[in-house]
Each structure stands twice: as structure tokens, then as C-alpha cells.
There are 2 protein chains.
Amino acid sequence: MSLELIKSLRATRFFTAAPVTRDQVTAVLEAARWAGSARNRQPWRFVVVRDRALLRGLSRLGAYAGHLAGAPVAILLAVDATLSTEDAEFDAGRAAQNLMLAAHELGLGTCPASFFPAANARAATGLAGLREPWRVRTGISLGHPAPPPPGTPAIPRGRRPLSDLVIELS
Amino acid sequence: MSLELIKSLRATRFFTAAPVTRDQVTAVLEAARWAGSARNRQPWRFVVVRDRALLRGLSRLGAYAGHLAGAPVAILLAVDATLSTEDAEFDAGRAAQNLMLAAHELGLGTCPASFFPAANARAATGLAGLREPWRVRTGISLGHPAPPPPGTPAIPRGRRPLSDLVIELS
């Protein structure tokens, strides 16, 4: 059921060697493509990366990007930063969520990585073969989930309760 | 099926007078609550607005926010802008997408509105009863879909094909 699908999506940081098919990649990109955006601008491009050396290079461009090195595929989210970057990032988050939910539905795992600081985002944009106005701040690992290796530090996965998060004005 | 649910979500700008129940609001907020965020910071609060005068006031705080005036409920997304606003907006987009997909699953319609320029976001934040570090840039109309009134200008709803959007690096 879809509400359960939405609520059960968690980040997957470790992957098996099982390949992700072209049809699976197309399915998750289709989901991303249909995301809404401000004035329907669709301010995005999706860069599919399977090359191991490139994935390793990308994995060094953010303090929490290491999982990219072990993923069979990554989807880089390029955003048009010409107009409001805040609008573009909000819309990119919508597309990313669609992509990750579609992967979850297919039994695949995902984890987003941020390329930061700004110099690393520029480097990721270059590795993606893009230049201004495109900017790559986010890469999403995609693959078949594997259990974390022994000794992996636990990462908090819970969420605050609604009572902490919701204000009812009337 | 969930992939169809994801692909069939469209913005709804007109609503019937049928009420949205508390259980429905809770269900869509549950979906938003479970969205992932950078370092699991959950940099958000959700403000539920049903007051007609307040909805009208909010509808004047953005060039495309008019639909809020006719919605039975709006959910304002307050984001902690202390750290990277780009990260926070990306994460807010993820939560918003979860919320809108959950509403779609329940047969409800949604439409996000941006409060801009910055003075309008500040005004929306004030109307939400919040202050720094919280910032309200987005409000989401929620209700039962109604057909657009006759004479409503058509809004483009299509999407670019994947061939325009995807770059395969290997």
C-alpha cells in the first residue's frame, strides 16, 4: 500500500554486486520526470553514472558521500541555478523523492549524497560533464540493498513524533 | 500501483466545499514526517491552517498563491534556515512530495504555493506564528478536487521526455 511505501523508505548505504537493469533505471527516472515544479519549469537533468572510477571520484566530494563508491549506479541531479536556487532545490527534492520512492517500490535501495562545500559541487558538475547554468549538488546511490558490514556505526533512523512537529492554528 | 500513483500526481488548484477530516490531515502529515533529510535533521515544522481569513491573507503572499484562498485546509511548511538553506529547501521538497503523494492516494488534491519575494516569506512566517530560525516559504493547499471554473486559463501540465532530460555517462 502506498502510504506504507512512503513511510517505510529509509536510506540504503550498502549494496550487493547485483546489477541494476536499464529498465529499472528508466522506471525511477520516469518517476522523477513526473515530479511537479514551480511554473512547471522542470529545472533538472539526470545524469546516470555506472563507471566505477567516476563513482569513486564523486564519493570524495562530500563528507557523507562515501556510499556512492559502492553503488552499482548513481543518478546525479543537475539543477538549473539560473533563477532562485531555493525554488530549484525545493523542486529537486520533489524529483529526488519520487525517484527514491519508485526505487523502493521496485525493491531497490537509494541514498542521497550532498556535494559540498561549493567547490565540491562545482567539481561534481564538471565530472557530470556539465557547466553553468547546471549545478550538481546531489547524487543518489541506487542498487540492491546489502546488510551493513559488521562494525558500521548505527545511524539514527527514527523520526520526531507529530506532536513535536505540528502546529494547528485553528 | 505506486509507480502509477507517483506519475499521476498533478497540482489541484480548485476544491469543493467538502471538508478534509482530521484523520486525513494526520495521514498526510505522517507521510511528511517520515521523509528523509540530511543527517536526519528533520528541519521542518508543519502548520495546519483552516481559518478562512488567514488562508485569504496567505493567498496574497505570492504571485501563484491564489489557490490557498479556496482550499479547506493548507499545510504551511516551516523550514529551519539556520544552516544551509539549500539543504533545507531540498529536504522540504522531499517532505512536501511525500505529503502530496499521500493526499493523492487518499483521493485528495494538493497544490504548493511559494511565498515570495523574501518580504512575503517573512509575512507568511509571521502569520504562521513563527519567527527565526523558522521560515515559511511554502504552503500546500489540500482538499477535494473540483473542476476548474469555466474560463480558467489552461496551465501546462505535460513533462519533457526522458530523452531531453537524461545523460548517460557510461
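Residues numbered from 1 in each chain as written. Chains lettered and ligands numbered in written order. Predicted model: local features only at pLDDT ≥ 70, side-chain atom pairs only at ≥ 80, totals over all residues.

What follows covers the sheet that holds strand β5 (residues 166-168) of chain B. Read across the open sheet, the 5 strands follow the order β3(A)-β4(A)-β2(A)-β1(A)-β5(B); overall the sheet is mixed. Of all strands in the sheet, those with a lone pairing partner are β3 (109-114) of chain A together with β5 of chain B, marking the two edges. Taking each pair of neighbouring strands and ignoring which way they run, the sheet shows an average axis angle of 25 degrees. With 8 bridges connecting them, strand β2 (residues 73-80) of chain A and strand β4 (residues 134-143) of chain A associate as antiparallel partners. By the bridge assignment for β4(A), Ala78(A) is matched with Val136(A). Running at roughly 155 degrees to β2(A), helix α4 (residues 85-105) of chain A makes contact with β1 (44-49), β2, β3 and β4 of chain A of the sheet. (Pairing = 2+ DSSP bridges. Helix = DSSP H or I, 4+ residues; strand = E, 2+ residues; numbered from the N terminus. Axes fitted to C-alpha atoms, helices over the stretch in contact; angles between N-to-C directions. Contact = placed C-beta atoms within 7 Å.)

Here the focus is the relation of the copies chain B and chain A. Here the two chain copies are tied together by a rotation about an axis and a shift along that axis. Note on the copies: chain B fits chain A at an RMSD of 0.0 Å, the axial shift is 0.0 Å, and the rotation between them is 180 degrees. Considering both components of the superposition, the chain copies are consistent with a two-fold axis. Comparing interface residues between copies, 100% of those in chain B also lie at the interface in chain A; the contact surface is shared. (Least-squares fit on C-alpha atoms with pLDDT ≥ 70 in both.)

Turning our attention to the pairing of strand β4 (residues 134-143) of chain B. Residues and elements named next belong to chain B. Counting buried positions over the 10 residues of β4 gives 10, a clear majority of the element. Relative to β4, strand β3 (residues 109-114) runs antiparallel, the two sharing 6 bridges. When the sheet's bridge partners are listed, Pro-112 is paired in β4 with Ile-140. (Buried ≥ 20, exposed ≤ 12 C-beta atoms within 10 Å, placed from the backbone.)

Bringing the packing of helix α2 (residues 22-33) of chain A against α4(A) into the picture now. Residues and elements named next belong to chain A. Between α2 and α4, whose axes approach to 7 Å, the crossing angle comes to 145 degrees. The element α2 and its partner α4 pack so that their crossing is right-handed. Between α2 and α4, the contacting residues are Ala-27, Val-28, Ala-31 and Ala-32 on the first element and Ala-95, Asn-98, Leu-99, Leu-101, Ala-102 and Ala-103 on the second. Among the residues making up the contact of α2 with α4, the classes are represented as 9 nonpolar, 1 polar and no charged. (Left-handed = near helix turned anticlockwise from the far one by under 90°. Nonpolar A, V, L, I, M, F, W, Y, C, P; charged D, E, K, R; others polar.)

Turning our attention to helix α5 (residues 118-127) of chain A. Residue and element names in this part refer to chain A. Within α5 the residues assigned to the buried category are Ala-121, Ala-124, Thr-125 and Leu-127. For α5, the angular spread of the buried residues around the axis is 160 degrees, confining them to a single face. Those residues of α5 that are exposed and aimed more than 90 degrees away from the buried face are Ala-119 and Gly-126. On the buried face of α5, the contacting elements are α3 (52-59), β2 and β4. (Arc of directions from axis to C-beta.)

A few words on the nonpolar core. The tendency in soluble globular proteins is for nonpolar side chains to be buried side by side. In terms of nonpolar packing, the biggest core is built from 98 residues, with Ala74(A), Leu77(A), Leu99(A), Ala74(B), Leu77(B) and Leu99(B) touching the most fellow members. Setting aside residues up to four positions removed in sequence, Leu77(B) forms contacts with Trp44(B), Phe46(B), Ala92(B), Ala95(B), Ala96(B), Val136(B), Thr138(B) and Ile140(B). (Core = buried A, V, L, I, M, F, W, Y, C linked by C-beta atoms within 7 Å.)

What follows concerns the sheet that holds strand β5 (residues 166-168) of chain A. Taken together, the 5 strands give an open sheet; going across it, the order is β5(A)-β1(B)-β2(B)-β4(B)-β3(B), and neighbouring strands pair in mixed fashion. A single partner strand is all that each edge strand has here, and the edge strands are β5 of chain A together with β3 of chain B. With strand direction ignored, the average angle separating the axes of adjacent strands in the sheet is 25 degrees. In this sheet, strand β2 (residues 73-80) of chain B lies alongside strand β1 (residues 44-49) of chain B in antiparallel orientation, the contact comprising 6 bridges. Looking across to β2(B), one finds that Arg45(B) is bridged to Ala78(B). Helix α5 (residues 118-127) of chain B rests against β2 and β4 of chain B of the sheet, and its axis sits at about 75 degrees to β4(B).

Looking now at the interface of chain B and chain A. Tallying the contact residues gives 57 residues for chain B and 57 residues for chain A. With 15 residues, helix α4 (residues 85-105) of chain B is the largest single contributor of residues to the side of chain B that touches chain A. Partitioned by chemical class, the residues of the side of chain B that touches chain A number 28 nonpolar, 12 polar and 17 charged. Two strands pair when backbone bridges link them, and β1(A) and β5(B) are joined in this way by 3 bridges, in the parallel orientation. Bridge pairing in β5(B) links Val48(A) to Glu168(B).

This part is about unusual backbone geometry. All names here are of chain A. In this structure, Pro-117 follows Phe-116 across a cis peptide bond, with omega equal to -5 degrees. Position of Pro-117 among the secondary structure elements: in the loop between β3 and α5. Not every positive phi belongs to a glycine, and Arg-39 is a case in point at roughly 50 degrees. Within the secondary structure, Arg-39 sits in the loop between α2 and β1. Residue class for Arg-39 comes out partly exposed when judged on the 14 C-beta atoms lying within 10 Å of it.

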